[in-house]
Amino acid sequence: MSMPSPAQSPSSSRVVLSEADIDRALTRIAHEILEANKGSRDLVLMGIPRRGYPLACRLAAKIAAADPSVSAAAIAGQLDVTMFRDDLQRQPTRPPYPTALPAEGLDDKVVVLVDDVLYSGRTIRAALDALVDLGRPRIVRLAVLVDRGHRELPIRADHVGKNLPTSSVEKVRVRLAEIDQVADEVVIEDWSE
Amino acid sequence: MSTTGSYLIKGARVVGADAADLLVENGRITGVGSSLQASGATVLDADGLIALPGMVDLHTHLREPGREDAETVETGTRAAALGGFTAVHAMANSSPVADTAGVVEQVFALGQQAGWAEVRPVGAVTVGLAGERLAELGAMADSRARVRVFSDDGMCVSDPVLMRRALEYVKAFDGVIAQHAQEPRLTEGAQMNEGAVSAVLGMAGWPAVAEESIIARDVLLAQHVDSRLHVCHVSTAGSVEIIRWAKHRGIKVTAEVTPHHLWLTDELVRSYDPVFKVNPPLRTDEDVLALRAGLADGTIDVIGTDHAPHPSEAKECEWAQAAMGMTGLETALSVVQHTMIESGLIGWADFARITSAMPARIGRLAHQGQPLEAGSAANITLVDPAARWTVDPAAMATKGRNSPFAGRELPGRVVATFLNGHPTVLDGKLNTPFADGSAGQAAGQPQAQSREG
Amino acid sequence: MKHLLSTQDLSKADAVRILDTAEEMAAVSDREVKKLPALRGRTVVNLFFEDSTRTRISFEAAAKRLSADVINFAAKGSSVSKGESLKDTAQTLEAMGADAVVIRHWASGAPVRLATSGWIDAAVVNAGDGTHEHPTQALLDAFTLRRTWARTNGTASAGTDLSGMKIAIVGDILHSRVARSDLWLLRTLGAEVTMVAPPTLLPVGIDGWPCTISYDLDEALAKRPDAVMMLRVQAERMNAAFFPSAREYSRLWGFDDRRLAALDDHGLSDTVILHPGPMNRGLEISSAAADSPRSMVLQQVRNGVSVRMAALYLLLSGESRSTARSQADTPDTVPAAAGTAPTEENAS
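Counting restarts for each chain, with residues numbered from 1 along the sequence as it is written. By the order in which they are written, chains take letters starting at A while ligands take numbers starting at 1. Only residues with pLDDT of at least 70 are given local features in this predicted model, and only at 80 or more are side-chain atom pairs given and counted; all residues enter the totals for whole chains, interfaces and linings. As a rule here, side-chain values come from all non-hydrogen atoms in the structure, and water together with hydrogens is ignored.

Student: When you look at the pairing of strand 2 (residues 69-74) of chain C in this model, what are you seeing that I'm missing?
Tutor: Residues in a regular strand point their side chains to alternate faces of the sheet. Residues and elements named next belong to chain C. Should DSSP find at least two bridges between two strands, the strands are regarded as paired. Put simply, DSSP H or I for four residues or longer makes a helix, DSSP E for two residues or longer makes a strand, and each gets a number counted from the N terminus. Relative to strand 2, strand 1 (residues 43-48) is paired through six bridges, and the arrangement is parallel. Note that in strand 2 the partner of valine 45 across the bridge is isoleucine 71. Between the parallel pair strand 1 and strand 2, the chain is carried across by helix 2 (residues 53-65), and the sense of this crossover is right-handed. By convention, orient the strands away from the viewer: a clockwise path from the first strand over the helix to the second makes the crossover right-handed.

Printed below as a string of structure tokens:
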């Protein structure tokens, strides 16, 4: 059950989104979501652990600020996809995170999946499977803070904070105050030798 | 005869003392001294080696007849020779049980045919080891096998009346009862030493008192009827205390300890590997230290290997299903060197006493266990005490692969073994068996070795 | 974690991780779709050398809720009873594609033997071996106790341990694999344990165990335990002189109505009663106690499925049998811990 420790450090890294950039991007996404949905009716934001969940909460807060009839806590939830991943046998064992649904559940809701980075698309594929076992949403959309390309499945995001062209030797790090106890930032690390 | 050629062993440290030459001719030691010369003798350079009287095992399971898949007299005595033994006592729990003159004579003859070591059958005390009525002890004593040691080993003669009668009866022919001390009711279903480890492992315990209570009873019986008692494989500190007390009172008791009980403890059972399953069970550190002390001070008289080969399927199973026993002939010398000599408890002269002179005396073997001096039968073991080797059961001569020492590095290696003046082992490898030129004729002799005189 | 053989070698972090994972599994059991795809395509063999319908169906339910294929192999009436060895049986099962072998055996140590002998590669789960251990029972007991303790303390159970909890384990300690597994695990989780039994039903060598020993159940109850775990006593034990009669055992060491009332007299409103089942009503536990609100017996059964799901998931997911990818991003070990290794989506 022990985890291999990250062995080395990247050869270089650069900040691509600052705290202020992230906040602006989330504000824009919140407005896009409201616009696409023509209001806040039936909206549910399901964050994917770990960093998708605080992002979903922030988006919910922004939506609540724009529409006072909405309670942020009532529309944000967490959706764990660990058990639905297609790489369980290829990765170190991952303990599951809690799944928490808003009180009204998912049936006939407009569910916006929220994650930090969109890459191969496999996490979102797992999330779609996980959703099916929890209810039957009317519409499912996807919002991500960063889309770094390199998709392996026919999946695209409806709302993107920033498109980041990357190479596969690079890694995209998202740090959020709620989880990482540092100021928000998005960093690209170069792991080429 | 080619088998009784002449050998000049040059520069061996005789029983660990100063270097000397040993001249072997016609099955006898004919000279011990410096710079001996002998024309026509094969010269062996024994510089750095220790010469010991051939080792005698009072406790060997050769499995034949009946369990030739586990061991035969041939393979078991090959192992004995490689381990430095020139005589072994074949325990009676064969199939059929060695409880008649016919069976003991068969085993005796098989030993002579094999020619790797003198095989002295042990007779069963009770018919079929059933503990109900005495076997024909006198018939076995009078047979060509000349049985002197009687034992139900594997089973305890637990009936006190039967034990008393056996002790009394064997006085008629100077026999000895070798008791497997294990109170049967106290050890029903027992799997391992009862103590801290068995508590954690959840295995039925084998209490020390089950051994000690029988030994206490038997030494008192031996005193009462003034007979000889030998206690097989003593395994507990309490047993050593009782035997020490009995000897102090002048009771005719002798005792044996196995090499594995001088080293291994029940901590090894935590692996649940049945290679460590043995009867009596491995005990604790405290017991190991008491056994070593008892052996060093003479309370325990002899090393007995309790060599107990098993086919691999008897050990490749659950602990509770597994057979009890360990091989020991090919590791005994090294284990005793490691536990007793290298720990400073005894010297090589003591080693010769506990592995040769005393077991030969207990078993009444006239031509074994003699001092290395002119006139003695040439049963000699040459040992390289500086050698180190790693135990590999697959490389052993015994059929049994159940050595608890597998993978351990041990000191001391048998370089040569002489049986009646013939090298059965040379350069650490099997040479040729002792043969007297006519197996059939030999079988007709009360003692094959007597003709070497 | 390659195998689950014993609770003695389970670290606190591992134990808490299993219990936390079991909490998530329990949440799944409350959903309409009580199934997860995590072990799709994997095969779990229940290899039972000893009858135990309860344990078998609990493992079977756990494996099926994780979408594993389940093969039940009862040694009775099979080739095993015709003399086939454990080795051959296990190798046969592996040749049929078993990824995990859940083994129940009457012989102590049989699962350890299976896991360490080199006969098979499959993960081995000890479902109770002789009088040695029963680790999943201990985990479900700990899970049940942790929820009780968290409720008593007004906290959520995830991530917590049993620090400060006082637990009495009562009955046939000598022959109980549950008592052993419970003791090691409850101690690891910080609980204080008292073993209560007649001296004949305590093993020689128990003095080294990290617990208090008592021969007196009333005295143990007066020491205000937070939980009392009653062990099954087999009436046949009296034939081997472990105790004179069932009546005397029941009077001295049974959890009867008088002792149930004593909990109230002592003001122990939160103290719960556990029993691993099956119960001998009227012997070690009275019906009133077994059916009282203090009784956790049915919760234990329910939690057993969640805990076994967690154990199977943690054993069978992960890259244990494939090459480790040292460059792969590592998700955090414990969900509750603050992230030190930043993750990104689909790292590899």
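Student: Even after reading the chapter, I still don't get the pattern of salt bridges, so can you show me in this structure?
Tutor: Where side chains of opposite charge bring their charged atoms close, a pairing between them can arise. When a carboxyl oxygen of Asp or Glu lies within 4 Å of a side-chain nitrogen of Lys or Arg, that pair is called a salt bridge. Inspection of every chain in the model, using the stated rule, returns 54 salt bridges over all chains. Across the pair Asp42(A) and Arg41(A) runs a salt bridge, and its minimum N-O distance is 4.0 Å. Classification of Asp42(A) by relative accessible area gives partly exposed; the value is 24%. Between Lys247(B) and Asp301(B) there is a salt bridge, and its shortest N-O distance comes to 2.6 Å. Of the two residues, Lys247(B) sits in helix 7 (residues 237-248) while Asp301(B) sits in the loop between helix 8 (285-296) and strand 15 (302-303), which places them 54 residues apart along the sequence. Burial classification: accessible surface area is computed with a 1.4 Å probe over protein chains only, and a residue below 20% of its type maximum counts as buried, one above 50% as exposed, and the rest as partly exposed. Lys247(B) sits in the partly exposed class, given a relative accessible area of 24%. Exposure remark for Asp301(B): the relative accessible area of 7% places this residue in the buried category.

Student: What should I look at first to understand the interface of chain C and chain B in this one?
Tutor: One frequent convention defines the size of an interface as the accessible area lost when the parts assemble. Residue-level contacts link 22 residues of chain C with 18 residues of chain B. Each of two parts loses accessible area, computed with a 1.4 Å probe, when they are put together; buried area is these two losses added. Approximately 1,500 Å² of surface area, both sides summed, lies buried where chain C meets chain B, with 56% of it carried by carbon and sulfur atoms. A 3.5 Å cut-off defines polar contacts: any pair of N or O atoms within that distance qualifies, except that in protein one atom must be a possible hydrogen donor and the other a possible acceptor, and neighbouring residues in sequence count only when both atoms are side-chain atoms. The interface formed by chain C and chain B holds eight residue pairs in polar contact (both at pLDDT 80 or more) in total. Breaking the side of chain C that touches chain B down by element, the ones donating at least two residues are helix 3 (86-95), helix 4 (110-116) and helix 6 (177-188) of chain C. Whether two residues are in contact is decided by their heavy atoms, any of which lying within 4.5 Å being enough.

Student: Before we go on, may I ask you to explain the sheet that holds strand 7 (residues 212-214) of chain C in this structure?
Tutor: Two pairing modes exist for strands in a sheet, parallel and antiparallel, and in both the strands are linked by backbone hydrogen bonds. All names here are of chain C. Pairing within the open sheet is parallel, and its five strands lie in the order 7-6-5-8-9. On the outer flanks of this sheet lie strand 7 and strand 9 (272-274), each paired with one strand and no other. With direction set aside, neighbouring strand axes in the sheet form an average angle of 20°. Where strand 5 (residues 166-170) and strand 8 (residues 227-230) come together, four bridges link them in parallel fashion. Directly across from isoleucine 169, in strand 8, lies its bridge partner methionine 229. Lying on the sheet, helix 5 (residues 135-153) is in contact with strand 5, strand 8 and strand 9; it crosses strand 9 at an angle near 175°. Helix 6 rests against strand 5, strand 6 (192-196) and strand 8 of the sheet, and its axis sits at about 160° to strand 6. The convention used is that axes are lines fitted to C-alpha atoms, helices contributing only their stretch in contact, and that angles between N-to-C directions extend from 0 to 180 degrees.

Student: Got a minute to help me understand helix 4 (residues 160-169) of chain B in this structure?
Tutor: Residues and elements named next belong to chain B. All buried positions along helix 4 are accounted for by Leu162, Met163, Ala166 and Leu167. Along the axis of helix 4, the buried residues cluster in a sector spanning 135°; they form a single face. Contact partners of the buried residues in helix 4: strand 10 (176-179), helix 6 (208-225) and strand 13 (229-231). Structurally, the start of helix 4 carries an N-cap: the backbone nitrogen of valine 161 is 2.8 Å from a side-chain oxygen of aspartate 159. In this context, the arc is that of the directions from the helix axis out to the C-beta atoms.

Student: Got a minute to help me understand the domain arrangement of chain B in this structure?
Tutor: All names here are of chain B. In terms of domains, chain B is made up of domain 1 (2-51 + 376-435) and domain 2 (54-362). Throughout, the edges of the domains are those of an automatic or database domain assignment. Placing the centre of domain 1 and that of domain 2 at their C-alpha centroids yields a distance of 26 Å. Counting residues at the interface gives 39 residues for domain 1, matched by 46 residues for domain 2. A buried area of about 3,200 Å², summed over both sides, lies between domain 1 and domain 2, and 66% of it is on carbon and sulfur atoms.

Student: What's the story with the arrangement of the chains in this structure? I'm lost.
Tutor: Highest in contacts among the two pairs of chains that touch are chains A and C. Over all C-alpha pairs, chain A and chain B never come within contact, reaching a minimum spacing of 22 Å.

Student: Would you explain the UniProt feature "binding site: Zn(2+) 1" (unreviewed entry) in chain B in this entry?
Tutor: All names here are of chain B. Here the UniProt feature "binding site: Zn(2+) 1" (unreviewed entry) sits at His59, His61, Asp153 and Asp306. In summary, the annotated positions, though distributed over 248 residues, converge in three dimensions, the widest C-alpha pair being only 9.7 Å. Position of histidine 61 among the secondary structure elements: in the loop between strand 6 (55-60) and helix 1 (73-82). Its relative accessible area of 4% is what places histidine 61 among the buried residues. In this fold, aspartate 153 is placed in the loop between strand 9 (149-150) and helix 4. UniProt positions are given in the numbering used here, feature names are shortened, and annotations may be inferred rather than shown by experiment.

Student: Is there a simple way to explain unusual backbone geometry in this structure?
Tutor: Leaving glycine aside, a negative phi is the common case for residues, and trans is the common case for peptide bonds. Residue and element names in this part refer to chain A. Arginine 50 follows proline 49 through a cis peptide bond whose omega is 0°. Here arginine 50 lies in the loop between strand 2 (43-47) and helix 2 (52-66). A positive phi angle is found at aspartate 108, which is not glycine, with a value near 65°. You can see aspartate 108 is positioned in the loop between strand 3 (76-78) and strand 4 (110-118). Even without being glycine, glutamine 181 reaches a positive phi, approximately 55°. One can find glutamine 181 in the loop between helix 5 (177-180) and strand 8 (185-190).

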